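Here is what each chain is made of, one letter per residue.
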Amino acid sequence: MRPAWAPGRVLGTLAAPALALLIALTVTTALLVTVGASPGATYLTMLEFGIRPDSLVSAVNRSTIYFFAGLAVAVTFRMNLFNIGVEGQCRIAALLAAATGASLDLPGPLHLAVMCLVAMLTGAVWAGIAAVLKVWRGVSEVLSTLLLNYVSIAVIAYLLTEVFAADDVNGSTAELPPSARLPVLDGLLASFGISLPPGAHLGGAVLGAVLFGVAVHWTLTRTLYGHDLRISGLNPAAARAHGIDPRRMILVTMLVSGALAGLAGLPDLLGNTYRYGLDFPSGAGYTGIAVALLGRNTPVGIALSALLFGFLERSALILDIQGIPKEIVTIMQGVIVISVVVAYEVVRRAERRRTARLVRERTASAAASEPLGRTS
């Protein structure tokens with residue numbers, strides 16, 4: 001067996017994301033030429049705007065949302081499940097967390113901890129509906145989680161208008177008190193000699209993303225659950241033969257995924273809007289699918305992928321000023337999703353052919369050396 005650091009395995013790991021980005025860049029270049037814009041000038045403008053200190057801070061803050069959503073998707077991918085309902089899970093979790101946080105009067109750390117717990121439990125319960133349907137009724141989790149996204153929209157609309165709507169705010173929950181808001185990390189950066197431009201603040205969600213990223217990595221690589229998850233995804237029959245209950249693994253994995261999805265709505269809620277309304281930012285759950293695919297379902301890869309998507313989203317703001325449709329970046333993100341799927345399949349087939357060739361070569365070598373071994 002090749003070590004994890006073998007050059008061939010490293011190249012195989014990097015080949016699919018690199019190919020996906022190349023395809024996306026090619027398609028985007030063609031679109032820019034079609035609308036009459038200079039691709040070189042457009043990319044340079046986006047780069048110059050994107051590397052400004054305030055833009056980098058904004059991109060990092062936005063990437064935390066995509067990071068949590070990507071982790072939620074990646075956990076299920078490792079077991080050959082597809083939780084496409086992260087969008088609905090994170091939105092309904094944010095609503096209940098906002099309603100809970102606005103109704104409590106607690107010290108800051110405890111207040112934040114309670115809201116995080118509510119968000120994780122809500123996301124887990126919403127994802128658990130799809131898990132129960134799959135385990136006991138055989139319903140595909142792709143179909144059930146997708147439909148639950150639409151159900152969550154209706155449930156959120158009802159709860160906002162009939163249950164949680166504040167008297168002084170139309171169509172949203174009450175505003176969170178200061179104790180329920182994430183602190184900024186500007187002071188921490190200042191201790192390292194890093195000063196941010198006026199108006200730019202690094203959100204505390206970044207620290208939470210790092211902690212959860214380390215925890216997920218440790219869980220997936222150093223625990224019995226991570227071992228069972230990997231075996232169940234690679235070979236369900238072998239997992240069953242080793243006493244791993246596939247029904248239990250589906251339930252637990254979907255609950256873990258939903259809990260992580262519940263955290264995806266908190267960076268905006270606790271660090272930006274401070275209330276949940278009909279205009280609450282959406283789409284992070286779907287972006288998380290692309291982030292997980294591009295990041296090869298590993299926390300480090302997902303973090304880099306989330307930073308890329310955050311950078312692209314921030315850089316798109318300058319395009320309107322230049323008279324270029326900012327939807328170009330949205331198209332680029334969509335192309336990345338398609339390209340990732342295609343690139344992974346191309347790389348997977350190439351790796352399969354390479355493995356088959358190595359097996360044939362080693363078999364032929366062993367057969368050729370067998371007579372010599374008998375003579376000696």
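Look a little higher up for the structure.
Quantities reported herein were computed from a predicted structural model and do not represent experimental measurements. (Residues numbered from 1 in each chain as written. Predicted model: local features only at pLDDT ≥ 70, side-chain atom pairs only at ≥ 80, totals over all residues. Heavy atoms only, no water.)

Just checking my understanding: could you explain the side chain of aspartate 268 for this structure?
Turning to its location among the elements, aspartate 268 is positioned in helix α12 (residues 266-273). Side-chain polar atoms of aspartate 268 contact the side chain of arginine 62, separated by 3.0 Å. What aspartate 268 contacts, discounting residues up to four positions off in sequence, is Arg62, Ile65, Thr273, Tyr274, Phe280 and Pro281. (Helix = DSSP H or I, 4+ residues; strand = E, 2+ residues; numbered from the N terminus. Polar contact = N/O pair within 3.5 Å; in protein donor to acceptor, adjacent residues only side chain to side chain. Contact = heavy atoms within 4.5 Å.)

Explanation requested: α12 in the structure shown.
It helps to recall that an α-helix has 3.6 residues per turn; residues three or four apart then point in one direction. Where α12 is concerned, the buried positions are Leu266, Pro267, Asp268, Leu269 and Leu270. Tyrosine 274 occupies a position one or two residues after α12 and carries a positive phi of about 60°. (Buried < 20%, exposed > 50% of the residue type's maximum accessible area, 1.4 Å probe, protein only.)

In this structure, what is going on with empty space enclosed by the protein? I would like to understand it.
In this approach the atoms are scanned with a rolling probe the size of a water molecule, which exposes any empty space left behind. Under the defined criterion, the tally for this structure stands at 1 cavity of 30 Å³ or more. Approximately 60 Å³ is the volume found for the largest cavity. Lining of the largest cavity is provided by Arg62, Ile65, Glu87, Cys90, Ala264, Gly265, Asp268, Phe280, Pro281, Ser282, Gly283 and Ala284. When contributions to the lining of the largest cavity are tallied by element, the ones reaching two or more residues are α3 (53-77) and α4 (86-103). Along the lines of polarity and charge, the residues of the lining of the largest cavity split into 6 nonpolar, 3 polar and 3 charged. (1 Å grid on protein atoms, 1.4 Å probe; cavity = no way out; pocket = protein on both sides within 12 Å on 5 of 7 lines; lining within 4 Å. Points joined across faces, edges and corners; volume = space filled by probe spheres on them. Nonpolar A, V, L, I, M, F, W, Y, C, P; charged D, E, K, R; others polar.)

Is there a simple way to think about the environment of valine 142 in this case?
Among the secondary structure elements, valine 142 is positioned in helix α6 (residues 141-162). What makes valine 142 partly exposed here is its relative accessible area of 30%. With 61 residues separating them along the chain, valine 142 and leucine 81 place their C-alpha atoms 8.0 Å apart. Residue contacts for valine 142: discarding those within four places in its chain leaves Phe82 and Ile84.

In short, the description is geometric, and any link to function would need to be established separately.
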